[in-house]
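Chains, contacts and geometry: an overview
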Amino acid sequence: EDQVTQSPEALRLQEGESSSLNCSYTVSGLRGLFWYRQDPGKGPEFLFTLYSAGEEKEKERLKATLTKKESFLHITAPKPEDSATYLCAVQPEYSSASKIIFGSGTRLSIRP
Amino acid sequence: DTAVSQTPKYLVTQMGNDKSIKCEQNLGHDTMYWYKQDSKKFLKIMFSYNNKELIINETVPNRFSPKSPDKAHLNLHINSLELGDSAVYFCASSQGIQGRGYTFGSGTRLTVV
């Protein structure tokens, strides 16, 4: 069964303390892996798409990487405004439509 | 200039009632979705329409009926509401169906009492 598992569930960091969030996935072929950010009371906001192992994408203090079994979202020198829930999602290769499967997210808190 | 807008934002209703949630996007996208986010924050797809054609219909009770009058609108009607229907419902859109990032609305929090 296709599955996306994110860890840790919650992470509290001091401002400036770099860390990584993990997304491990089990799919029979990967068409794409997505990262989203979700603030309380809002819809997820698209961050990155990764398509193949070895690919990396960067945006400000965030960098996403992809291997054949997992993806990491690295956060460098985070600021309080980076506090949010970060969601990982995958689109299986067999999916003829645009179905993507979400993980349950990592809730990130950055203390000033 | 909201990209994907849902109404209402909050909906509190009694068991057994029928309710609708509306969604509109002004991005020119051709594919729209309904997702349900439960209390554990899992987002699960319910339906997807591409150019007004239903392309994804997950295992959802037939009390839920989507309608897409045109590419820019996707509404969700729910009959005979149950306590377990309480959740946040998100509408989203994308251009095409192949590995594109979605644009989500801000959600409708449905509470059934």
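To keep things clear, this report deals only with the structure shown in the data block. Within any chain, residue numbers begin from 1 and follow the written order of that chain's sequence. Labels are handed out in written order, letters beginning with A for the chains and numbers beginning with 1 for the ligands. For this predicted model, a pLDDT threshold of at least 70 governs which residues receive local features, and a threshold of 80 or more governs which side-chain atom pairs are given and counted, while totals over whole chains, interfaces and linings are taken from all residues. Only heavy atoms go into the side-chain values, all of them from the structure, while hydrogens and water stay out.

Turning our attention to the sheet that holds strand β8 (residues 70–75) of chain A. Residue and element names in this part refer to chain A. Taken in spatial order, the 5 strands of this open sheet run β1-β3-β8-β7-β6, and their pairing is antiparallel. Of all the strands in the sheet, the pair left with one neighbour each is β1 (3–7) and β6 (56–59). Ignoring strand direction, the axes of neighbouring strands in this sheet form an average angle of 15 degrees. Strand direction decides the pairing type here: strand β3 (residues 19–26) and β8, joined by 6 bridges, are antiparallel. Across the sheet, the residue bridging to Ser-24 is Glu-70, located in β8. Two strands qualify as a pair provided that DSSP identifies no fewer than 2 bridges between them. Helix numbers and strand numbers start at the N terminus; a helix is a DSSP run of H or I with at least 4 residues, a strand a run of E with at least 2. Interaxial angle, 0 to 180 degrees, is taken between N-to-C directions of lines fitted to C-alpha atoms, where a helix line uses only the stretch in contact.

Our next topic: the sheet that holds strand β8 (residues 73–78) of chain B. Residue and element names in this part refer to chain B. Spatial strand order, β1-β3-β8-β7: 4 strands in an open sheet with antiparallel pairing. Lying at the two open borders of the sheet, with one neighbouring strand each, are β1 (4–7) and β7 (64–70). Within the sheet, the average angular offset between the axes of one strand and its neighbour, ignoring direction, is 15 degrees. The pairing of β1 with strand β3 (residues 19–25) spans 4 bridges and is antiparallel. The residue of β3 that forms the bridge with Thr-7 is Lys-22.

On to a positive patch on the surface, then. Patch membership needs two things, relative accessible area over 30% and no salt bridge, and members are linked within 9 Å if like-charged or within 5 Å if nonpolar (Val, Leu, Ile, Met, Phe, Trp, Tyr). The Shrake-Rupley method, run with a 1.4 Å probe sphere, supplies the accessible areas, and residue values consider only the shown protein chains as cover. Salt bridge, as applied in this entry: a Lys or Arg side-chain nitrogen positioned within 4 Å of an Asp or Glu carboxyl oxygen. Charge assignment: positive for Lys and Arg, negative for Asp and Glu; neither His nor the chain ends contribute. In this description, the location of a charge corresponds to atom NZ of lysine, CZ of arginine, CG of aspartate or CD of glutamate. Residues Lys-42 and Arg-107 of chain A together with Lys-9, Lys-41 and Arg-109 of chain B make up a contiguous surface patch of positive charge. Summarising the element assignment, Arg-107 of chain A is placed in strand β11 (residues 106–111).

The subject of this paragraph is the environment of Ser-7 of chain A. Residue and element names in this part refer to chain A. Inspection of the secondary structure assignment puts Ser-7 in strand β1. Taking the relative accessible area as the measure of exposure, Ser-7 reaches 33% and is therefore partly exposed. When the C-alpha positions of Ser-7 and Leu-33 are compared, they lie 16 Å apart, and in sequence the two are 26 residues distant. Burial classes follow relative accessibility: with a 1.4 Å probe on protein chains only, a residue under 20% of its type's maximum area counts as buried, one over 50% as exposed, and anything between as partly exposed.

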